[in-house]
Amino acid sequence: MTTYTLRQKVKNFAIASRIVVLILQAVSNFLIPDHQADAFVSPEDPEIHVSWIDQLVKTLLGGLVRWDAQYFLHIAQYGYTHENTLAFFPLFPLLVRFVAVILSIPLKYICNHYSMLLISAVIINFYLFVKTATIFHRLSEVVLRSEVLAYRAALLFCVNPASVFFTAPYSEGLFAFLTFSALLINETKSTSLAALPFGLASSARSNGLVNVGFILHRKLQDCYNYFYKIRHATTESGQLSLALVLLLTFNYTLMPLILGCILVALPFALFQIWCYLTYCGEEGSSPPLAPHLEMFVRSNFLHSPDLGEAEWCYNFPPLAYSHVQDKYWEVGFLRYYEVRQVPNFVLALPVVMLVICHAALYMVDNPQVCWGLGIFQSVAKKKRNNADKQVSQWLNKGINSWRVFSYTAHSLCLCAFCVLCIHVQVTTRLLCSSCPIVYWFAAHLLSDQPKVFQEQSSSEDSGEEKAEHPANMSRRYRVWIVTEFPKPFWGQVVVSYFYLYFFMGIILYSNFLPWT
């Protein structure tokens with residue numbers, strides 16, 4: 001009888017969850033009439049040939065092409081044809097276009113280019129989601145040092161409340177893959193290596209710029225460790241020259257920090273420069289649009305590159321992204337605070353409460369970690385007696401680990417930005433694709449372990465709580481979160497929330513109904 005490892009169980013469950021998403025969206029799209037939403041729909045090329053294969057692709061996958069997915073496929077097919085497309089970053093559309101070129105080799109005679117783009121986007125996100133689930137499981141093991149929490153957090157990721165956006169032609173799946181990969185590299189290898197996937201994440205979504213905080217915190221930790229070693233070296237072997245200390249600090253701390261921050265911010269800057277060069281040239285300097293696209297642009301009073309300079313070209317700095325968000329989406333501080341938006345605030349409330357409750361409990365339970373900005377040596381390095389050793393163990397594993405500090409600060413900052421400055425319903429998918437804390441704290445609430453760290457430590461050491469039921473280890477797709485219901489009340493609330501949003505999100509999204 002085959003026995004699967006926990007990581008294999010996570011991978012299999014991730015595959016199963018994607019299959020459920022694909023089936024449920026197709027059935028929902030077929031049975032429920034689409035809502036006539038006031039949203040962008042990419043204009044169809046009247047000259048494109050539509051075969052029965054194309055109709056089949058539309059029937060099976062059409063429920064995934066809703067809301068912003070229309071923009072991503074439009075950019076992949078036509079490029080940045082008009083101004084409001086500049087709100088969407090280029091990495092995902094470019095990847096979709098690249099894979100579609102490969103698919104066109106065997107498929108170009110049986111389906112059109114648009115169908116290949118849609119198939120390409122779904123394949124990419126399917127593959128990336130499965131890879132992200134296993135990477136996230138490994139990241140959770142490294143940070144939490146708890147097999148139970150890491151496994152359950154990874155299972156929750158597979159049925160996360162924004163799950164449909166990880167399969168639809170959105171950039172959330174790519175962003176989560178790059179961000180979690182970078183975080184794992186940052187924890188296990190070096191910040192310099194992590195800066196590359198962090199930078200790529202910034203070319204997929206604008207909130208990737210916030211990831212620079214992980215580089216800053218890691219270098220703060222390295223700097224503390226470095227000076228700690230220098231201090232011991234000077235007491236044992238005499239004094240080091242000031243010039244040598246400054247040189248070593250620059251080489252091993254400041255230089256990697258500067259390069260890492262540049263790599264994270266560079267893709268955003270390059271995209272804004274490209275936007276300026278494309279949209280701020282003279283009228284007629286850009287290639288003309290196809291007739292059906294030009295008709296769409298003019299009939300909707302949009303601005304395209306061939307119409308001359310855009311109005312934001314004279315702003316300082318001339319950033320297309322901030323202008324487009326302000327003009328077309330009315331993004332700004334407290335601008336979304338209207339009575340008619342109350343349902344959207346209610347929709348985002350559960351994930352906001354997860355982040356805020358974790359941050360509040362973390363600060364109450366670990367004031368010394370927070371005051372020390374998560375620098376481990378400053379809170380638990382020199383503990384000697386038994387009580388202090390227990391504190392050290394408490395700070396070294398689980399949701400209260402000192403390693404969790406930077407993730408807590410990151411999630412709290414993003415959550416505050418979402419609630420105060422953007423369309424609040426986007427909060428769920430933004431946090432679920434960016435913040436491990438959402439899943440770690442949710443997994444913690446599922447746990448049967450008591451809160452007091454002495455009791456928790458003894459419970460874990462005695463092995464009372466298993467990551468997975470032994471009977472499930474030989475079943476490919478059978479996992480704890482499906483076969484059992486958690487005993488703690490808040491654990492039941494969390495599982496109900498994840499499943500409710502998982503299924504409700506697929507059904508509503510696939511029919512152009514309002515969702516996150």
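Chemist: Quick rundown of the side chain of H292? Include the residues and the values.
Modeler: Mapped onto the elements of the fold, H292 is located in helix 11 (residues 291-299). Taking the relative accessible area as the measure of exposure, H292 reaches 13% and is therefore buried. Here H292 is in contact with P43, E44, D45, P46 and Y78, once residues within four sequence places are set aside.

Chemist: Which residues make up the state of the cysteines, and what values do they have?
Modeler: Counted according to the given criterion, the structure contains one disulfide. With a sulfur-sulfur separation of 1.9 Å, C280 is cross-linked through a disulfide to C313. Judged by the sign of its S-S torsion, about -95°, the cystine formed by C280 and C313 is left-handed. Of this pair, C280 sits in the loop between helix 10 (242-279) and helix 11 while C313 is found in the loop between helix 11 and helix 12 (320-329), placing the two residues 33 residues apart along the sequence. For the pair shown, C280 and C313 are each scored as buried. With no disulfide of its own, C415 has C418 as its nearest cysteine by sulfur position, at a separation of 6.7 Å.

Chemist: How would you explain a nonpolar patch on the surface if you had to name every residue and give the values?
Modeler: The grouping of L254, M255, I258, L259, I262, L266, L270, I273, Y276 and L277 at the surface amounts to a nonpolar patch, some 890 Å² of accessible area in total. By secondary structure assignment, the location of L259 is in helix 10. We classify L259 as partly exposed; its relative accessible area is 45%.

Chemist: Can you tell me about the environment of F268, naming the residues and giving the values?
Modeler: Position of F268 among the secondary structure elements: in helix 10. Separated by 62 residues in sequence, F268 and S206 place their C-alpha atoms 7.2 Å apart. Look past the residues within four positions of F268 in its chain and what remains in contact with it is F89, L209 and Y321.

Chemist: Requested: an account of the packing of aromatic side chains, with residues and values cited.
Modeler: In this structure the tally under the stated criterion is 41 aromatic pairs. Taking 5.2 Å as the distance between ring centres and 45° as the angle between the ring planes, the aromatic pair formed by F89 and F271 counts as tilted. Taken together, the positions of F89 in the loop between helix 3 (68-78) and helix 4 (91-107) and F271 in helix 10 put the pair 182 residues apart, joining distant regions of the chain. Across this residue pair, the class does not change: F89 and F271 are buried. Between the aromatic rings of F157 and F180, the centroid separation amounts to 6.1 Å while the plane-to-plane angle is 65°, which identifies the pairing as edge-to-face. In this pair, F157 is assigned in helix 6 (residues 147-158) and F180 in helix 7 (residues 172-188), connecting sequence segments 23 residues apart. On the basis of relative accessible area, F180 is assigned to the buried category, the value being 0%. The side chain of R18 reaches across the aromatic face of F129, ending 3.7 Å from its centre. Positioned above the aromatic ring of W480, the side-chain terminus of R152 is 4.0 Å from the ring centre.

Chemist: Can you break down the nonpolar core residue by residue, with the values?
Modeler: Within the largest apolar cluster, 145 residues are counted, with the highest numbers of intra-cluster contacts made by F136, W312, L431 and W440. In terms of residues, this core owes the most to one element, helix 5 (residues 113-144), which gives 17 residues. If near-sequence neighbours (up to four positions away) are discounted, F136 is found in contact with A153, A154, F157, F180, P436, Y439 and W440.

Chemist: Any details on the pattern of salt bridges? Residues and values, ideally.
Modeler: This structure, assessed with the given rule, holds 11 salt bridges. When the shortest N-O distance is used, the salt bridge between D326 and R335 registers 2.3 Å. Three or more residues joined by partner-sharing salt bridges are found here, namely D68, E172, R205 and R429.

Chemist: Please give an account of the environment of D365 that cites residues and values.
Modeler: Tracing the backbone shows D365 in helix 13 (residues 342-365). Considered as a pair, D365 and N400 are 35 residues apart in the sequence and their alpha carbons are 7.5 Å apart.

Chemist: Can you explain the confidence of the model for the chain? Please cite residues and give values.
Modeler: Looking at the chain as a whole, its pLDDT mean stands at 87, while 87% of the residues score no less than 70. For the chain, the element scoring lowest by mean pLDDT is helix 20 (residues 453-462), at 41; helix 5 scores highest, at 97. Confidence drops under a pLDDT of 50 for residues 378-387, and excluding neighbours within four residues, the segment shows 14 contacts in the predicted structure.

Chemist: Before we move on, can you summarise the layout of surface pockets with the specific residues and values?
Modeler: Estimates place the volume of the second largest pocket at around 740 Å³. As for the second largest pocket, its lining consists of 28 residues, of which S42, E44, K58, Q70 and Y114 are closest to the centre. Listing elements by their share of the lining of the second largest pocket, those giving two or more residues are helix 2 (52-61), helix 3 and helix 5. Residue contributions to the lining of the second largest pocket peak at four residues, all from helix 2.

Chemist: I'd like a rundown of the side chain of N160, residues and numbers included.
Modeler: The topology assignment puts N160 in the loop between helix 6 and helix 7. Among the polar contacts made by the side chain of N160, one reaches the main-chain amide nitrogen of A162 at a distance of 2.8 Å. Setting aside its immediate chain neighbours within four residues, N160 contacts F129, F166, C432, Y439, F498 and F502.

Rules used throughout
- Residues numbered from 1 in each chain as written.
- Predicted model: local features only at pLDDT ≥ 70, side-chain atom pairs only at ≥ 80, totals over all residues.
- Heavy atoms only, no water.
- Helix = DSSP H or I, 4+ residues; strand = E, 2+ residues; numbered from the N terminus.
- Buried < 20%, exposed > 50% of the residue type's maximum accessible area, 1.4 Å probe, protein only.
- Contact = heavy atoms within 4.5 Å.
- Disulfide = S-S within 2.5 Å.
- Patch = residues over 30% accessible without salt bridge, like charges linked within 9 Å, V, L, I, M, F, W, Y side chains within 5 Å.
- Areas by Shrake-Rupley, 256 points an atom, 1.4 Å probe, with all protein chains shown as cover.
- Salt bridge = Lys/Arg side-chain N within 4 Å of Asp/Glu carboxyl O.
- Phe/Tyr/Trp six-rings, centres within 6.5 Å; stacked < 30°, edge-to-face > 60°.
- Lys NZ or Arg CZ within 6 Å of the ring centre and 35° of its normal.
- Core = buried A, V, L, I, M, F, W, Y, C linked by side-chain atoms within 4.5 Å.
- pLDDT = per-residue confidence, 0-100.
- 1 Å grid on protein atoms, 1.4 Å probe; cavity = no way out; pocket = protein on both sides within 12 Å on 5 of 7 lines; lining within 4 Å.
- Points joined across faces, edges and corners; volume = space filled by probe spheres on them.
- Polar contact = N/O pair within 3.5 Å; in protein donor to acceptor, adjacent residues only side chain to side chain.

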